[in-house]
Amino acid sequence: HVRAPARRLIRALNTELFAPTHAIRDSSRTVRKSTQFWFRGRLSRRVIKAAADGGGDDSVDLNRLSSGEKIVLGASALLVVLSFVPMWATYSFAGLASESFGAWSGAFGFFVKLALILAILALVVTGLRAAGTQLPDLPVSLGLLYVGLGGLATLGLLIGVLTGPNDGGLSALAAAAGLDISRGILLFVGVILAAAIAYGGYMHMQAEGTASATGE
């Protein structure tokens, strides 16, 4: 009586949920292609031109960054690296077998992946700054940019915490067959790291003097 629903559950999961997770490599490739497209766009051309005109130094020096930017750099880099570690969601069946997935897998939807892309952008900006690249004029201060990226990333990951990993629309069948879908530890760590990006941005705003100017 138990094996038949279990077989149906496994077949359904393979079709509706686990099959997309086999495309983690494709998702990573898509992110890399999107990043390459970003660098080939107008902003990247302006960055390269500004660097050429400004005689930027090719060496990476963290001393070029403020204390807040160092927090942004470290938190965003760690978040991006951990996003590939399969400890963001766990699917266990009747306590007999389990499988864990990373943040880029089909276990999570739009908001979690958007948060990771925002973290990548924060990493790129601080990396360019550490490399001495003269960035183009932005409509907002760098501190406000970091706060925005970190704040939106935190919001996206919080939505991921509240909604939990995808069940492929099979929640009733999964519960009947003894499938447990749980949030992994790195999902909560990701929220903390995204909040650290926003905090580092606020520290940089204070260094720029924009925080006090806004309060006046």
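Just above sits the structure.
What you see is a predicted model; the values in this text were computed from it and never measured.

Criteria and cut-off values
- Residues numbered from 1 in each chain as written.
- Predicted model: local features only at pLDDT ≥ 70, side-chain atom pairs only at ≥ 80, totals over all residues.
- Heavy atoms only, no water.
- Helix = DSSP H or I, 4+ residues; strand = E, 2+ residues; numbered from the N terminus.
- Buried < 20%, exposed > 50% of the residue type's maximum accessible area, 1.4 Å probe, protein only.
- Contact = heavy atoms within 4.5 Å.
- Axes fitted to C-alpha atoms, helices over the stretch in contact; angles between N-to-C directions.
- Parallel < 35°, antiparallel > 145°, perpendicular 65-115°, else oblique.
- Left-handed = near helix turned anticlockwise from the far one by under 90°.
- Phe/Tyr/Trp six-rings, centres within 6.5 Å; stacked < 30°, edge-to-face > 60°.
- Expected span 1.5 Å × (residues − 1).
- Pairing = 2+ DSSP bridges.
- Polar contact = N/O pair within 3.5 Å; in protein donor to acceptor, adjacent residues only side chain to side chain.
- Patch = residues over 30% accessible without salt bridge, like charges linked within 9 Å, V, L, I, M, F, W, Y side chains within 5 Å.
- Areas by Shrake-Rupley, 256 points an atom, 1.4 Å probe, with all protein chains shown as cover.
- Salt bridge = Lys/Arg side-chain N within 4 Å of Asp/Glu carboxyl O.
- Core = buried A, V, L, I, M, F, W, Y, C linked by side-chain atoms within 4.5 Å.

**Q** Provide a residue-level description of the overall build of the protein chain, including the pertinent values.
**A** A count of helical and extended segments in the protein chain gives nine helices and three strands. Ordered by position in the sequence, the α and β elements of the protein chain form the string α-α-α-α-β-β-α-α-α-β-α-α. When the 216 residues of the protein chain are sorted by exposure, 40% land in the buried category. Contacts in the protein chain between residues at least 24 apart in sequence constitute 73% of all its contacts with a sequence separation of at least 6.

**Q** Tell me about the packing of helix H4 (residues 67-82) against helix H8 (residues 185-208), and name the residues and values.
**A** Where H4 meets H8, the closest approach of the two axes is 7 Å, and the angle between their N-to-C directions is 160 degrees. The angle between H4 and H8 places the two elements in the roughly antiparallel class. Seen from above, H4 lies across H8 with left-handed handedness. Only Leu 186, Val 189, Gly 190, Leu 193, Ala 194, Ala 196, Ile 197, Tyr 199, Gly 200, Gly 201, Met 203 and His 204 of H8 make contact with H4, whose side of the interface consists of Ser 67, Gly 68, Glu 69, Ile 71, Val 72, Ala 75, Ser 76, Leu 78, Leu 79 and Leu 82.

**Q** Talk me through the packing of aromatic side chains; I want residue IDs and the actual numbers.
**A** All chains considered together, the criterion is met by four aromatic pairs. Ring geometry for Phe 110 and Phe 111: centres 5.4 Å apart, planes at 75 degrees, overall edge-to-face.

**Q** Hey, could you go over H8 for me, with residue numbers and the actual values?
**A** Between its terminal C-alpha atoms H8 stretches 35 Å, which fits the 34 Å expected from 24 residues at 1.5 Å a residue. Immediately downstream of H8, the backbone of Gly 209 shows phi near 85 degrees, a positive value.

**Q** Talk me through helix H6 (residues 142-163); I want residue IDs and the actual numbers.
**A** Helix length check: H6 (22 residues) gives 32 Å between terminal C-alpha atoms against 32 Å at 1.5 Å per residue, within 8%. Within the span of H6, buried status applies to Leu 142, Gly 143, Tyr 146, Leu 149, Gly 150, Ala 153, Thr 154, Gly 156, Leu 157, Gly 160 and Val 161. Elements that come into contact with the buried residues of H6 comprise H4, helix H5 (110-130), strand S3 (179-183) and H8. Just downstream of H6 lies Gly 164, where phi reads positive at about 80 degrees.

**Q** Lay out the pairing of strand S1 (residues 89-93) with the relevant residues and their values.
**A** Look at any regular strand and the pattern is simple: side chains alternate between the two faces of the sheet. For S1, the buried fraction is high: four of the five residues fall into the buried class. Both S1 and S3 contribute to a ladder of five bridges, which runs antiparallel. Its bridge partner lying in S3, Phe 93 is registered against Leu 179.

**Q** Tell me about the environment of Ala 196, residues and numbers included.
**A** Mapped onto the elements of the fold, Ala 196 is located in helix H8. Along the sequence, Ala 196 and Gly 150 sit 46 residues apart, while their C-alpha atoms lie 7.4 Å from each other. Discounting chain neighbours no more than four positions away, the residues touching Ala 196 are Ile 71 and Ala 75.

**Q** Tell me about the side chain of Ser 105, residues and numbers included.
**A** Structurally, the position occupied by Ser 105 is in the loop between strand S2 (97-101) and H5. A distance of 2.8 Å separates the side chain of Ser 105 from the backbone oxygen of Gly 102, its partner in a polar contact.

**Q** Talk me through the environment of Leu 158; I want residue IDs and the actual numbers.
**A** Mapping Leu 158 onto the fold places it in helix H6. The class for Leu 158 is partly exposed, based on a relative accessible area of 38%. On a C-alpha basis, the gap between Leu 158 and Val 112 in space is 8.5 Å, while along the polypeptide they are 46 residues apart.

**Q** Account for the side chain of Ser 83, naming residues and giving values.
**A** By the secondary structure assignment, Ser 83 is in the loop between H4 and S1. Judged by its relative accessible area of 1%, Ser 83 is buried. Within the local environment of Ser 83, its side chain forms a polar contact with the side chain of Trp 104, the two groups lying 2.9 Å apart. Non-local contacts of Ser 83, meaning those with residues more than four positions away in its chain, are made with Trp 88, Gly 102, Ala 103, Trp 104 and Leu 116.

**Q** Just give me the short version of a nonpolar patch on the surface, but keep the residues and values in it.
**A** On the surface, a nonpolar cluster with roughly 290 Å² of combined accessible area is contributed by Met 87, Ile 185 and Phe 188. Mapping Ile 185 onto the fold places it in helix H8.

**Q** Account for the nonpolar core, naming residues and giving values.
**A** Counting 37 residues, the largest nonpolar core has Leu 79, Trp 88, Phe 108 and Leu 157 as its most contacted members. Among the secondary structure elements, those contributing two or more residues to this core are H4, S1, H5, H6 and H8. Once residues within four sequence positions are removed from consideration, Phe 108 is found in contact with Trp 88, Ala 89, Gly 102, Ala 103, Lys 113, Pro 165, Asn 166 and Leu 187.

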